[in-house]
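What follows is each chain in one-letter form.
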Amino acid sequence: MSALLDTHCHLDAAEFDSDRTEVIARAQAAGVSGVLIPAVEIKALGHVRSLAWQFEQGAYAVGIHPMFVRYATDSDLQALRDFVQAHLDDPRLVAIGEIGLDFFVPEISHGSQRARQIEFYRAQLELAHCCGLPVLLHVRRSQDELLKWLRRMPPIGGIAHAFNGSFQQAEQFIGLGFALGVGGAFTFTRAKQIRRLVTTLPLSDLVLETDAPDMAPAWLARDARNAPEQVAAIAASLAQLRGVELDVVLAQTKQAALRVIPRLQTIWT
Ligand SMILES: [Zn+2]
């Protein structure tokens with residue numbers, strides 16, 4: 001069987017503080033060889049880096065998440081640039097992320113908070129462009145605004161994680177060099193729009209992810225903690241929904257990941 005790869009896993013989250021070693025061991029026992037760990041804030045950068053090195057095929061991304069922008073200072077952007085500068089030769093550093101825009105949470109979707117989210121998003125796109133790294137995008141009710149700024153830049157590409165937009169928006173991200181992250185959301189039978197998307201779009205434009213500890217798939221309890229080992233059942237569920245062999249899903253989504261995050265090619269061999 002081809003390798004199981006989780007392209008979006010917050011292994012550094014506090015939810016894993018009590019048993020992180022066991023969580024990693026269970027993922028490896030389930031056949032998960034590669035994990036990409038994005039950072040959400042400046043103080044997490046060192047942690048995601050050390051965690052990435054604990055997996056044989058671990059990788060990490062660094063960035064300031066849109067939901068953490070309200071706690072961030074302007075000096076955090078400089079600290080991020082400094083970190084990238086200092087670690088650009090680290091082969092496990094593969095992307096800038098998790099960055100993006102969140103217009104779902106009301107308190108940060110209007111006025112100055114909204115403007116600040118956009119400011120941080122633009123600054124981090126600029127950083128990605130400067131250092132030649134792709135981006136991991138958080139997309140929530142923000143597809144068109146995200147696309148608007150991407151179109152003004154030379155192509156950066158990456159992953160639109162937990163994608164939940166329209167078919168037209170999906171095609172625009174794909175046209176800009178992105179793959180769409182597919183995880184727990186499509187496993188709910190009521191999620192008709194996402195299920196249509198993940199069955200209609202080419203597998204070569206999709207990558208598998210858990211977003212653990214969040215986005216628990218349908219077979220876990222409602223507020224259960226998600227974990228990277230779940231990417232196995234997510235992959236099987238996608239294969240079943242599309243009516244293809246599991247190996248086809250694993251092989252094609254892996255190729256997609258290696259295409260949009262080129263540095264993974266030396267890690268996820
Ligand atoms: Zn995330």
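Quick notes on the rules
Sequence order as written defines the numbering, with residues in each chain counted from 1. Reporting in this predicted model follows two pLDDT cut-offs: at least 70 for local features of residues, and 80 or more for side-chain atom pairs to be given and counted; totals over whole chains, interfaces and linings ignore these cut-offs and use all residues. As a convention, hydrogens and water are excluded, and side-chain values are obtained from all of the structure's heavy atoms. Counting from the N terminus, the helices are DSSP H or I runs at least four residues long and the strands are E runs at least two residues long. Every radius of gyration here is taken over C-alpha atoms, with the globule rule written as 2.2 Å times N^0.38, N being the number of residues. Only protein chains enter the accessibility calculation, which uses a 1.4 Å probe; a residue whose area is less than 20% of its type maximum is buried, one above 50% is exposed, and one in between is partly exposed. Surface accessibility follows the Shrake-Rupley procedure with a 1.4 Å probe radius. Residue values consider only the protein chains on display as shielding. Here the positive residues are Lys and Arg and the negative ones are Asp and Glu; neither His nor the chain ends is included. By convention, the charge on Lys lies at NZ, on Arg at CZ, on Asp at CG and on Glu at CD. The angle between two axes is taken between their N-to-C directions and runs from 0 to 180 degrees, where each axis is a line fitted to C-alpha atoms and a helix contributes only its stretch in contact. Convention used here: angles under 35 degrees read as roughly parallel, angles over 145 as roughly antiparallel, angles from 65 to 115 as roughly perpendicular, and any remaining angle as oblique. Crossings are assigned a handedness: left-handed for a near helix turned anticlockwise from the far helix by less than a right angle, right-handed for a clockwise turn. By definition, residues are in contact when any of their heavy atoms lie within 4.5 Å. Put simply, Ala, Val, Leu, Ile, Met, Phe, Trp, Tyr, Cys and Pro go in the nonpolar bin, Asp, Glu, Lys and Arg in the charged bin, and everything else, Gly too, in the polar bin. Here a Phe, Tyr or Trp ring, Trp counted by its six-membered ring, pairs with any other such ring whose centre lies within 6.5 Å, and the pair is stacked when the planes are under 30 degrees apart, edge-to-face when over 60, and tilted otherwise. Our definition puts a charge over a ring when NZ of Lys or CZ of Arg is within 6 Å of the ring centre and also within 35 degrees of the ring normal. Water is absent from the atoms considered, so a metal site may look incomplete; donors are defined as N, O and S atoms within 2.8 Å of the metal, or 3.2 Å for Na, K and Ca.

### A word on the overall build of the protein
- When helices and strands are tallied, the protein shows nine helices and eight strands.
- On C-alpha atoms alone, the protein measures out to a radius of gyration of 17 Å, which is about the 18 Å that the 2.2 N^0.38 rule sets for 269 residues.
- If you line up the protein on its principal axes, its C-alpha atoms span 45 × 40 × 35 Å.
- In the protein, which comprises 269 residues, the share counted as buried stands at 55%.
- With an accessible surface of roughly 11400 Å², the protein has 51% of that area assigned to carbon and sulfur atoms.
- The averaged location of the 29 negative side-chain charges in the protein is 6 Å from the averaged location of its 25 positive side-chain charges.

### With respect to the packing of helix α3 (residues 74-87) against helix α4 (residues 111-131)
- For the pair α3 and α4, the least separation of the axes is 11 Å and the interaxial angle reads 15°. In terms of orientation, α3 lies roughly parallel with respect to α4. In this structure, α3 meets α4 at a crossing whose hand is right-handed. Each of D74, L77, L80, R81 and V84 in α3 lies in contact with α4, whose residues at this interface are R116, E119, F120, A123, Q124, L127 and C131.
- Residue composition of the contact of α3 with α4, grouped by class: seven nonpolar, one polar and four charged.

### Looking at the packing of aromatic side chains
- The tally for this structure, following the rule as stated, stands at three aromatic pairs.
- Pairing F68 with Y71 gives two aromatic rings, centres 6.2 Å apart and planes at 70°, and the pair type is edge-to-face.
- Relative accessible area serves as the criterion here: at 57%, Y71 is assigned to the exposed category.
- Taking the centre distance of 5.6 Å and the plane angle of 75° together, the rings of F163 and F173 count as edge-to-face. Linking F163 in the loop between β6 (158-161) and α6 (167-175) with F173 in helix α6, this pair joins segments that are ten residues apart in sequence. Each member of the pair, F163 as well as F173, carries the same accessibility label: buried.
- Of the aromatic side chains, those joined through ring pairs into one cluster are F163, F173 and F178.
- If you follow R114 out to its NZ or CZ, it ends over the ring of F103, 3.8 Å from the centre.
- The side chain of R152 reaches across the aromatic face of W149, ending 4.6 Å from its centre.

### A word on the coordination of the zinc ion
- The coordination sphere of the zinc ion, as far as protein atoms go, consists of H8 (NE2), H10 (NE2), E98 (OE) and D211 (OD), spread over 2.1 to 2.7 Å.
- Spacing between the donor residues of the zinc ion along their common chain follows H-x1-H-x87-E-x112-D. Taken as a pair, H8 in the loop between β1 (4-6) and α1 (20-29) and D211 in the loop between β8 (206-208) and α8 (231-242) lie far apart in primary sequence, 203 residues in all.
- Classification of H8 as buried rests on a relative accessible area of 1%.
- On the accessibility criterion, D211 (8% relative accessible area) is buried.

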